[in-house]
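Summary of the model geometry
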Amino acid sequence: MTDSPADSNVYRHAGFIAFLTARLVAVFATQVQAVVVAWQVYDLTRAPMALAYVGLAQFLPMLVLLLPAGDLIDRFSRKPILAASWAAGAVCSALLWWLAGHGAAGVDGIYAVLVLFGCSRAFSAPALSSLLPQIVPRGQLAQAVAANGMIMRMATIGGPFLGGVLYAVGGARLAYAVCMACFALGTLLLARVAVDHAAPIGPALGSVFQRFGAGIRFIRSRPIILGTISLDLFAVLLGGVVALLPIYAQEVLHVGPQGLGALRSAMAIGEVGAGLYLSMRPFDHRVGRTMFAAVAVFGLANLVFSLSTVFALSFAALMVAGAADMVSVYIRGALVQFSTPDEMRGRVNAVNMLFIGSSNELGEFRAGTSAAWVGAVPAAVLGGLCTLGVVGLWARLFPTLRRVDKFEEAA
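Residues numbered from 1 in each chain as written. Predicted model: local features only at pLDDT ≥ 70, side-chain atom pairs only at ≥ 80, totals over all residues. Heavy atoms only, no water.

A count of helical and extended segments in the protein chain gives 14 helices and 0 strands. Taken over the C-alpha trace, the protein chain has a radius of gyration of 20 Å; the compact-globule value for 411 residues is 22 Å, and the two agree within 12%. Across its three principal directions, the C-alpha atoms of the protein chain cover 60 × 45 × 45 Å. For the protein chain, the share of sequence-separated contacts (at least 6 apart) that also reach a separation of at least 24 residues comes to 88%. About 15,900 Å² of surface is accessible on the protein chain, with carbon and sulfur atoms providing 68% of the total. Side chains of the protein chain carry 27 positive and 19 negative charges; the gap between the two charge centres is 3 Å. (Helix = DSSP H or I, 4+ residues; strand = E, 2+ residues; numbered from the N terminus. Rg over C-alpha atoms; globule rule 2.2 N^0.38 Å. Contact = heavy atoms within 4.5 Å. Areas by Shrake-Rupley, 256 points an atom, 1.4 Å probe, with all protein chains shown as cover. Lys, Arg positive; Asp, Glu negative; His and termini not counted. Charge placed at Lys NZ, Arg CZ, Asp CG, Glu CD.)

As structure tokens, this is what we get:
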């Protein structure tokens, strides 16, 4: 049976709206915490390598735990796992609040808490992606992916900007208190999410290592999935500039913590604009070529930012990069969801999140070390050029992905 016109709009789905609301406040907390931790650590140390360790401290536990987390998510109910991971996030914010009173002596403690936060994200990230197809019917999945991405980016607009303001007004302690409250609220709101489209959970077959192997073999057998997630990995790993924003805000653009929050929000503004359009008018044509074009625009915009010394131009370049990234996220997310059966989603999304975590957290480490070696501006320029090189290489390595026309073809 086909959906009626009234039912075809994902925004009329009560369970999806409850899911979006819970995720909004949790992502808001994550974004506030990210900008405050970055500014606090750099303010205390004045060392680019300190920013590199911020990313590394979160990436290493994700590297260790994501695959076991994916297996757990496939074998048990996903909503309680997500709630527990957000509750752990609230605990991390409380610990950061306590450490904020220790000055430079608390930096090592901050790294330790970020390791714990990385452990919680190893479960929350794949649980979120795997839970979404259980909330909405398949016919609304592409629109739900776009709406979900757009709402998440809305949090990344207000989160970094408010994080910078909170840090300037009340210091790190005020910001971390807000984060703790938001994580707790998201955990409570998750209880209202209805899971109506979950497939029955079958018995666990084989050992945990054999189940890991089955997930890896499935990804390797699907060029669309492998090409999609690896493109994101290398494009952002080599070309991301987010880790360098504190240096640019302080030493290149001279705009202070409020300017840093605005720069971090700039990408999110572009993402929300593109996400809002896609959630209202999702497209399903020439998706492969469009994804490659979007990643190329992302690289070019980051290149403009890296060379800019004018705040307005830097802000605009990051907005364009954000819009291009949102288009890419929409296509990547829909392709992975359409390509993966429900009983395999935990493991596939765990690998996907491992790649995303590598591109973000390990990308921060790459950017920080490059800035320490050659300077922030040369590191950013080299990153933008590398992103463009990755787009050209992946277009040749994965012709099947490049030729995908409609999302259903991925199935």
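Turning our eyes to something else, we now look at the packing of helix 1 (residues 14-45) against helix 8 (residues 245-252). Running from N to C, helix 1 and helix 8 point in directions that differ by 55°, and their axes come no closer than 10 Å. The pairing of helix 1 with helix 8 is recorded here as oblique in orientation. Here helix 1 runs over helix 8; the crossing is right-handed. Only Pro246, Ile247, Gln250 and Glu251 of helix 8 make contact with helix 1, whose side of the interface consists of Ala38, Trp39 and Tyr42. Here the contact of helix 1 with helix 8 is composed, by residue class, of 5 nonpolar, 1 polar and 1 charged. (Axes fitted to C-alpha atoms, helices over the stretch in contact; angles between N-to-C directions. Parallel < 35°, antiparallel > 145°, perpendicular 65-115°, else oblique. Left-handed = near helix turned anticlockwise from the far one by under 90°. Nonpolar A, V, L, I, M, F, W, Y, C, P; charged D, E, K, R; others polar.)

Where helix 1 contacts helix 3 (residues 78-99), the two axes come as close as 12 Å, and the packing angle between them is 30°. When the axis of helix 1 is compared with that of helix 3, the two are roughly parallel. You can see that helix 1 and helix 3 cross each other, and the crossing is left-handed. Across the interface between the two elements, Ala22, Arg23, Ala26, Gln33 and Val37 from helix 1 touch Trp86, Ser93 and Leu96 from helix 3. Along the lines of polarity and charge, the residues of the contact of helix 1 with helix 3 split into 5 nonpolar, 2 polar and 1 charged.

Geometrically, a pair of aromatic rings is defined through the distance of the ring centres and the angle of the planes. Taken as a whole, this structure holds 6 aromatic pairs when the rule is applied. Between Tyr53 and Tyr111 the ring centres are 6.1 Å apart and the planes differ by 80°, which places this aromatic pair in the edge-to-face class. With Tyr53 in helix 2 (residues 48-75) and Tyr111 in helix 4 (residues 107-135), the pair connects residues that are 58 residues apart, well separated along the chain. Judged by relative accessible area, Tyr53 falls into the partly exposed class, the value being 38%. Tyr111 sits in the buried class, given a relative accessible area of 15%. (Phe/Tyr/Trp six-rings, centres within 6.5 Å; stacked < 30°, edge-to-face > 60°. Buried < 20%, exposed > 50% of the residue type's maximum accessible area, 1.4 Å probe, protein only.)

Here we come to the side chain of Arg78. Relative to the elements of secondary structure, Arg78 occurs in helix 3. For Arg78, a relative accessible area of 4% gives the class buried. The contacts of Arg78, once residues within four sequence positions are left out, are Ile73, Ala127, Ser130, Leu131, Gln134, Asp342, Arg345 and Gly346.

What follows deals with unusual backbone geometry. The phi dihedral of Arg46 falls on the positive side, at around 55°, and the residue is not glycine. Mapped onto the elements, Arg46 comes out in the loop between helix 1 and helix 2. Look at Arg46 and you get partly exposed, because its relative accessible area is 48%. With a phi angle near 55°, His254 is a residue other than glycine that sits in the positive phi range. Along the polypeptide, His254 turns up in the loop between helix 8 and helix 9 (256-280).

A rise of 1.5 Å per residue sets the reference length of helix 7 (residues 223-239), with its 17 residues, at 24 Å; its end C-alpha atoms lie 23 Å apart and thus fit the reference within 8%. Burial analysis of helix 7 places 13 of its 17 residues in the buried class, the great majority of the element. (Expected span 1.5 Å × (residues − 1).)

Let us now look at the nonpolar core. Soluble, globular proteins show a tendency: their nonpolar side chains are buried together. With 63 residues, the main nonpolar core has Val36, Val37 and Leu318 as its most contacted residues. Of all the elements, helix 1 adds the most residues to this core, at 11 residues. Each residue touching Leu318, except ones within four places of it in the same chain, is listed here: Val241, Leu245, Leu263, Ala266, Met267, Asn302 and Phe305. Formed by 29 residues, the second largest nonpolar core is a distinct cluster that contains Ala274, Met291, Ala296 and Val404. (Core = buried A, V, L, I, M, F, W, Y, C linked by side-chain atoms within 4.5 Å.)

Next up on the list: a nonpolar patch on the surface. Side chains of Leu60, Leu63 and Val64 sit close together on the surface and give an oily, nonpolar patch of about 270 Å² of accessible area. Relative to the helices and strands, Leu63 is located in helix 2. Exposure remark for Leu63: the relative accessible area of 40% places this residue in the partly exposed category. (Patch = residues over 30% accessible without salt bridge, like charges linked within 9 Å, V, L, I, M, F, W, Y side chains within 5 Å. Salt bridge = Lys/Arg side-chain N within 4 Å of Asp/Glu carboxyl O.)

With 22 residues, helix 13 (residues 376-397) extends 31 Å from end C-alpha to end C-alpha; this agrees with the ideal 32 Å at 1.5 Å per step. Turning to helix 13, its buried residues are Ala376, Ala379, Ala380, Gly383, Gly384, Thr387, Val390, Val391, Trp394 and Ala395. Seen along its axis, helix 13 keeps its buried residues to an arc of 145°; they face one direction. Opposite the buried face of helix 13, at more than 90 degrees from it, the exposed residues are Leu382 and Arg396. (Arc of directions from axis to C-beta.)

Examined at the domain level, the protein chain breaks down into domain 1 (12-195) and domain 2 (207-410). With centres defined by C-alpha atoms, the gap from domain 1 to domain 2 works out at 19 Å. Contact between domain 1 and domain 2 buries roughly 4,700 Å² in total, counting both sides, with carbon and sulfur atoms accounting for 70%. Taken together, domain 1 and domain 2 are joined by 0 salt bridges. Connecting domain 1 to domain 2 are 4 residue pairs in polar contact (both at pLDDT 80 or more). For the side of domain 1 that touches domain 2, the secondary-structure elements that each account for two or more residues are helix 1, helix 2, helix 4 and helix 5 (141-189). (Domains from an automatic or database assignment. Buried area = accessible area lost by both parts, 1.4 Å probe. Polar contact = N/O pair within 3.5 Å; in protein donor to acceptor, adjacent residues only side chain to side chain.)

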